[in-house]
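# What the coordinates show
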Amino acid sequence: MNTPPNDRTYSIQQVADMTGLSKQLIRKWEERYLIIQPKRLDNGYRIYNEEDINILLTVKSLSEQGYSIKQASMMINNEASSLIKLDNPFKPTYNFEVINQYVLDLLHEGTHCNERGIHLILQQAFNYFGLEKLIEAIIIPFLSEVGHRWEKGQWDEYQEALSSLVVRDFLVPIRRNFQLKEDSSLILGACLPDEHHEIPIHLLLLKVMLKGWKTHLIGSSPAQGSIEAIVKRLKPTKVLLSATTTLPFIKNPYLLDSLDHFAKNFENTEFYLGGPGAIEYTAGKMLNSIHVTNSLEDVFSTEDSRINR
């Protein structure tokens, strides 16, 4: 991925914001394990660059996967490029291409709950990369790290919620203003009842629109009856249902069977169910009319793509 030339440097506080590591721990890793060697200003203050931050993130990922800091530092110092070789049994979460400058800046602004700052960075990235790369190279890595920090207790609920909501609010007008042919086929997207993680379905529908399909999104945590009523009224070509958690199925054990039975009545509409919660809950279960998948390749055939382009 090509990014704008960037010679920016960062203070240790900014690095702490971007990595989720304490300033004390950053200094410890630097001095004890020689993981990075930041430059120093005339006044003695350390300054870090993008590569330094990515090295820290890689070591952090290694340590969370069970490697000692000494082992991680040896991997980094001996051959950093070996971390991304396909034949290496260790496949880290981070490498020097994943966490780019925009993501680092978003993490800094998210740490301080700067809503305007997050929105500005997203707009700059959108202007520079366009929609497809914005999703894959900026938003998905950012939200993945946001979720990771919240799960580890490094971010509180407000930091996580604000960052996610700003991303959602940024995506909504893009999807609504996307220009498509009037005769394009329609895809309906919806979270399942009691599922409040709305951003994955937003991202999915944006990817669908890039393929030339019109989309309609049902809001967060709709009632089952609402989903069924809109399917009956709009008669979409495909329906994409999303469950990031298993909560919808836990709260309503009959939900899956009921939706599967409903889908059986629409011969001209294909129903798909995806998301981590859906994949987990449906493991070993047989459905008659709903396809369970996390792959857009399963949703779109070559013929579909040709028809809608």
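It should be emphasised that the depicted structure is a prediction, and the values quoted were computed from it without experimental measurement.

### Topic: the nonpolar core
Note that soluble globular proteins tend to have their nonpolar side chains buried in a common cluster. Counting residues in hydrophobic clusters, the biggest one holds 29 residues, and the most contacted among them are Leu122, Ile138, Ile139, Phe142 and Val167. Looking at this core, the elements with two or more residues in it are α5 (101-111), α6 (115-129), α7 (131-151), α8 (157-176) and α9 (199-210). The greatest single-element share of this core, amounting to nine residues, is contributed by α7. Leaving out residues up to four positions away in the same chain, Val167 has contacts with Leu122, Ile139, Phe142, Leu143 and Ile199. The next biggest cluster of nonpolar side chains, apart from the first, holds 22 residues, and it includes Leu192, Phe262, Phe271 and Ala278.

### Focus on the packing of α7 against α9
The N-to-C vectors of α7 and α9 enclose an angle of 165 degrees; their axes lie 11 Å apart at closest approach. For the element pair α7 / α9, the angle class is roughly antiparallel. Classified by chirality, the crossing of α9 by α7 is left-handed. Residues Leu131, Glu132, Ile135, Glu136, Ile139, Ile140 and Leu143 of α7 touch α9, and the partners they reach there are Ile199, Leu203, Leu206, Lys207 and Leu210.

Cut-offs used in this document
- Residues numbered from 1 in each chain as written.
- Predicted model: local features only at pLDDT ≥ 70, side-chain atom pairs only at ≥ 80, totals over all residues.
- Heavy atoms only, no water.
- Core = buried A, V, L, I, M, F, W, Y, C linked by side-chain atoms within 4.5 Å.
- Buried < 20%, exposed > 50% of the residue type's maximum accessible area, 1.4 Å probe, protein only.
- Helix = DSSP H or I, 4+ residues; strand = E, 2+ residues; numbered from the N terminus.
- Contact = heavy atoms within 4.5 Å.
- Axes fitted to C-alpha atoms, helices over the stretch in contact; angles between N-to-C directions.
- Parallel < 35°, antiparallel > 145°, perpendicular 65-115°, else oblique.
- Left-handed = near helix turned anticlockwise from the far one by under 90°.

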